[in-house]
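# A closer look at the structure
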Amino acid sequence: MRRPRPEFRRPARRRFSNVFWLTLCGLVTLLLIVLLSRESTQPRSRSVLSKNSYRNGKVIEGLNVTAEMLNPDSITRQLNDQISLAKAFVVIAKESNNLQFAWELSAQIRNSQILLSNAALRRSPLTLRESETAVRDMALLLFQAQQLHYDSATMIMRLKARIQDLEEQMSSVTDKSNKYGQIAAEEVPKSLYCLGVRLTTEWFRHPDLQKKVSRNTQISMKLKDNNLYHFCIFSDNILATSVVINSTASNSLNPDRVVFHLVTDEVNYAAMKAWFTMNNFRGVTVDVQKFEDFSWLNASYVPVLKQLQDSDTQNYYFSGSNDGGKTPIKFRNPKYLSMLNHLRFYIPEVFPALKKLVFLDDDVVVQKDLAGLFTVDLNGNVNGAVETCMETFHRYHKYLNYSHPLIRSHFDPDACGWAFGMNVFDLVEWRKRNVTGIYHYWQEKNVDRTLWKLGTLPPGLLTFYGLTEPLDPNWHVLGLGYTNVDPQVIEKGAVLHFNGNSKPWLKIGIEKYKALWEKYVDYSHPMLERCNFH
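Residues numbered from 1 in each chain as written. Predicted model: local features only at pLDDT ≥ 70, side-chain atom pairs only at ≥ 80, totals over all residues. Heavy atoms only, no water.

### Quick word on unusual backbone geometry
Of all residues except glycine, most have a negative phi; of all peptide bonds, most are trans. With a phi angle near 55°, arginine 282 is a residue other than glycine that sits in the positive phi range. Among the structural elements, arginine 282 can be located in the loop between α11 (266-278) and β3 (285-290). Classification of arginine 282 as partly exposed rests on a relative accessible area of 47%. Located in the positive-phi region is asparagine 379, a residue other than glycine, with phi close to 55°. Relative to the elements of secondary structure, asparagine 379 occurs in the loop between β5 (364-366) and β6 (383-385). (Helix = DSSP H or I, 4+ residues; strand = E, 2+ residues; numbered from the N terminus. Buried < 20%, exposed > 50% of the residue type's maximum accessible area, 1.4 Å probe, protein only.)

### Side note on the state of the cysteines
What makes a disulfide is a covalent bond joining the sulfur atoms belonging to two cysteines. Here the structure, examined in full by the defined rule, presents 2 disulfides. What pairs with cysteine 194 in a disulfide is cysteine 531, and their sulfur atoms sit 2.2 Å apart. Its torsion about the S-S bond being -75°, the disulfide of cysteine 194 and cysteine 531 is classed as left-handed. Remark: cysteine 531 occurs in the segment after α22 (526-530) and cysteine 194 occurs in helix α7 (residues 190-205); sequence separation between them is 337 residues. Residue class for cysteine 531 comes out buried when judged on its relative accessible area of 4%. (Disulfide = S-S within 2.5 Å.)

### Thoughts on the packing of helix α3 (residues 75-95) against helix α5 (residues 128-147)
Where α3 contacts α5, the two axes come as close as 10 Å, and the packing angle between them is 30°. One finds that α3 runs roughly parallel with respect to α5. The two elements α3 and α5 cross, and the hand of that crossing is left-handed. On α5, the residues that touch Ile75, Gln78, Leu79, Gln82, Leu85, Ala86 and Phe89 of α3 are Leu128, Ser131, Ala134, Val135, Met138, Ala139, Leu142 and Ala145. Looking at the contact of α3 with α5 residue by residue, the classes come out as 12 nonpolar, 3 polar and no charged. (Axes fitted to C-alpha atoms, helices over the stretch in contact; angles between N-to-C directions. Parallel < 35°, antiparallel > 145°, perpendicular 65-115°, else oblique. Left-handed = near helix turned anticlockwise from the far one by under 90°. Contact = heavy atoms within 4.5 Å. Nonpolar A, V, L, I, M, F, W, Y, C, P; charged D, E, K, R; others polar.)

### Brief notes about the side chain of lysine 222
Along the chain, lysine 222 turns up in helix α9 (residues 217-222). Engagement of the side chain of lysine 222 in a polar contact is seen with the backbone oxygen of aspartate 256, the distance being 3.2 Å. Discounting residues that sit within four places of it in the chain, lysine 222 has contacts with Leu228, His230, Asp256, Val259 and Thr285. (Polar contact = N/O pair within 3.5 Å; in protein donor to acceptor, adjacent residues only side chain to side chain.)

### As for the packing of aromatic side chains
Tallied over the full model, the rule gives 25 aromatic pairs. Centre to centre, the rings of tyrosine 396 and phenylalanine 411 are 6.4 Å apart; their planes meet at 35°, and the pair counts as tilted. Placement of the pair is tyrosine 396 in the loop between β6 and α16 (405-410) and phenylalanine 411 in the loop between α16 and β7 (422-426), with a sequence separation of 15 residues. Assessed through its relative accessible area of 6%, phenylalanine 411 is described here as buried. Summarising the aromatic geometry, the rings of phenylalanine 425 and tryptophan 430 are spaced 5.2 Å apart at their centres and angled 80° between planes, so their arrangement reads as edge-to-face. The class for phenylalanine 425 is buried, based on a relative accessible area of 0%. (Phe/Tyr/Trp six-rings, centres within 6.5 Å; stacked < 30°, edge-to-face > 60°.)

### Side note on a nonpolar patch on the surface
The grouping of Val188, Tyr193 and Val197 at the surface amounts to a nonpolar patch, some 320 Å² of accessible area in total. Within the element layout of this structure, valine 197 appears in helix α7. With a relative accessible area of 41%, valine 197 lands in the partly exposed category. (Patch = residues over 30% accessible without salt bridge, like charges linked within 9 Å, V, L, I, M, F, W, Y side chains within 5 Å. Areas by Shrake-Rupley, 256 points an atom, 1.4 Å probe, with all protein chains shown as cover. Salt bridge = Lys/Arg side-chain N within 4 Å of Asp/Glu carboxyl O.)

### Observations regarding helix α21 (residues 511-518)
Every buried residue of α21 is listed here: Tyr513, Lys514 and Trp517. Considered in projection along α21, the buried side chains sweep an arc of 120° and stay on one side of the axis. The exposed set on the far side of α21, more than 90 degrees from its buried face, consists of Lys512 and Ala515. (Arc of directions from axis to C-beta.)

### Some thoughts on helix α4 (residues 99-122)
Helix length check: α4, at 24 residues, gives a terminal C-alpha distance of 35 Å against a target of 34 Å (1.5 Å per residue), a fit within 8%. Tucked inside the fold, the buried residues of α4 contact α3 and α5. Backbone geometry just downstream of α4 places arginine 123 in the positive-phi region, at approximately 60°. (Expected span 1.5 Å × (residues − 1).)

### What about the packing of α3 against α4?
One way to put it is that α3 packs onto α4 with a least axis distance of 9 Å and a crossing angle of 155°. When the axis of α3 is compared with that of α4, the two are roughly antiparallel. Of the two elements, α3 crosses α4, and the hand of that crossing is left-handed. Where α3 abuts α4, its residues Thr76, Leu79, Asn80, Ile83, Ala86, Lys87, Phe89, Val90, Ala93 and Lys94 lie against Leu99, Phe101, Ala102, Leu105, Ser106, Ile109, Ser112, Gln113, Leu115 and Leu116. Residue classes in the contact of α3 with α4 are distributed as 13 nonpolar, 5 polar and 2 charged.

### Re the pairing of β3
When you tally the buried positions in β3, you get 5 out of 6 residues, the bulk of the element. Taken together, the 6 bridges between strand β2 (residues 258-264) and β3 define a ladder with parallel strand orientation. Counted as the bridge partner of valine 263 is glutamine 289 from β3. Each parallel crossover has a hand, and the one from β2 via α11 to β3 is right-handed. (Pairing = 2+ DSSP bridges. Right-handed = clockwise from strand over helix to strand, strands pointing away.)

### Here we look at the pairing of β2
Of all 7 residues making up β2, 7 are buried, and the element is well covered by its neighbours. Residues of β2 alternate between two faces, with Val258, Phe260, Leu262 and Thr264 on one and Val259, His261 and Val263 on the opposite face, all of them buried. Across 6 bridges, strand β1 (residues 229-234) lies against β2 in parallel orientation. Within β2, the residue paired with phenylalanine 234 across the bridge is valine 263. Between the parallel pair β1 and β2, the chain is carried across by helix α10 (residues 238-250), and the sense of this crossover is right-handed.

### Some words on the side chain of glutamate 469
Along the chain, glutamate 469 falls in strand β8 (residues 468-470). Arginine 433 provides the closest opposite charge to the buried, unpaired glutamate 469, separated from it by 10 Å. At 3.0 Å, the side chain of glutamate 469 forms a polar contact with the side chain of asparagine 381. Discounting residues that sit within four places of it in the chain, glutamate 469 has contacts with Asp377, Leu378, Asn379, Asn381, Asn383, Gly384 and Ala385. (Lys, Arg positive; Asp, Glu negative; His and termini not counted.)

Structure follows, in structure tokens:
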């Protein structure tokens with residue numbers, strides 16, 4: 001069979017080539033379509049983003065809070081003003097016991113706050129349409145409040161009346177607090193009373209204690225030796241006096257050179273004698289006297305005793321009925337008429353053989369050696385004392401009545417005050433200047449209590465005016481019985497004074513300072529254990 005010509009075989013190859021090229025063109029077309037679709041979507045997304053950012057920019061620009069609040073036509077500002085006023089009316093409504101109206105105001109306040117919160121979240125200002133109902137409802141409630149006389153003038157009047165009522169309540173509570181505090185401060189703890197009774201019993205039950213005192217001739221020699229360190233305390237508190245002596249002895253470099261002169265009353269005399277005879281304080285000499293034995297101490301010589309015989313004075317201090325209770329209770333404390341308080345003005349008569357002496361109150365604790373006080377130069381003055389015109393303490397005008405011409409003409413109102421409690425007295429200068437006579441003069445002038453009201457400090461300020469030498473403040477630290485004292489000041493202090501109502505032996509004592517006092521109390525002592533001291 002004859003082979004066909006090549007030209008007759010070409011059509012078959014052409015058919016294969018057309019299919020191939022058609023397929024290839026289809027694929028290219030599809031690829032172009034895909035590429036074109038991608039390019040068309042990208043510009044569109046960019047335009048959307050640009051539109052959104054433009055829109056957000058307009059929103060942020062529209063949310064200028066400062067501009068909103070300053071705009072007088074701002075709905076946000078109007079709602080905020082309504083809320084502020086409604087809150088004030090809520091308080092007044094509750095004060096008026098209109099709880100239903102107060103609840104309605106509170107509910108509307110919450111609705112308005114929700115509107116403001118939603119506007120802040122969507123970052124667009126409030127519109128009139130969405131806030132119209134809230135503004136109208138709040139306006140109606142505020143109008144109703146005005147109809148109930150909750151307007152500004154009424155609010156001010158009611159608030160003033162409320163403030164006045166609270167001030168009166170506070171004054172009443174303060175008066176009661178002062179009264180009960182004073183009563184608590186004057187309380188004699190049962191344990192202290194028990195100690196006095198037991199010691200008195202011991203003194204009379206054991207005559208050997210009395211013989212022990214009478215046989216000790218060495219003590220009587222020390223009591224007049226001006227080369228020793230002489231201290232005096234006038235007190236009826238056995239335990240407090242014991243702490244003063246024990247703390248002084250414990251911190252003294254030469255306790256055998258220390259002499260304590262105690263003066264008490266007849267009630268506590270036997271108990272004091274028994275306690276200080278039974279106990280030894282590192283060789284310190286202790287002598288006990290009672291002021292009833294002083295023959296010179298009588299009404300013809302002592303103005304305070306003369307005043308005690310006056311009926312008006314007795315009513316003032318003991319009945320409290322002559323001025324309708326207007327005078328605070330602390331000014332009526334009978335202890336201010338006690339001779340144990342006023343004996344400090346008669347020290348030269350009590351100790352006629354002594355030339356120099358340190359006076360200590362019974363509410364102090366000694367934590368340094370006090371021998372240095374006996375070498376202090378008083379520069380011709382009678383009284384060495386720490387001044388108290390710094391910080392919370394006062395000057396003369398705080399203690400004395402400067403409306404009285406006698407006070408005004410003799411004393412500088414800004415003169416610096418000082419404190420009793422730890423004083424160095426030059427008894428030679430005292431006698432030379434007749435200081436006790438000065439005290440008598442001012443005490444007699446104050447028979448009607450118009451120069452000063454209370455205590456022994458005011459007459460002391462008058463008596464020793466111009467006769468007082470300031471001492472280093474570290475010798476005498478005050479305030480532990482009523483206020484906070486800097487711990488560094490306490491650490492440096494030689495004598496710590498628990499002046500004030502919160503004495504450390506009372507339940508009302510300031511707890512953080514009690515340890516400074518209690519460290520000199522031997523709670524294991526049989527007498528203290530029997531009387532339940534703890």
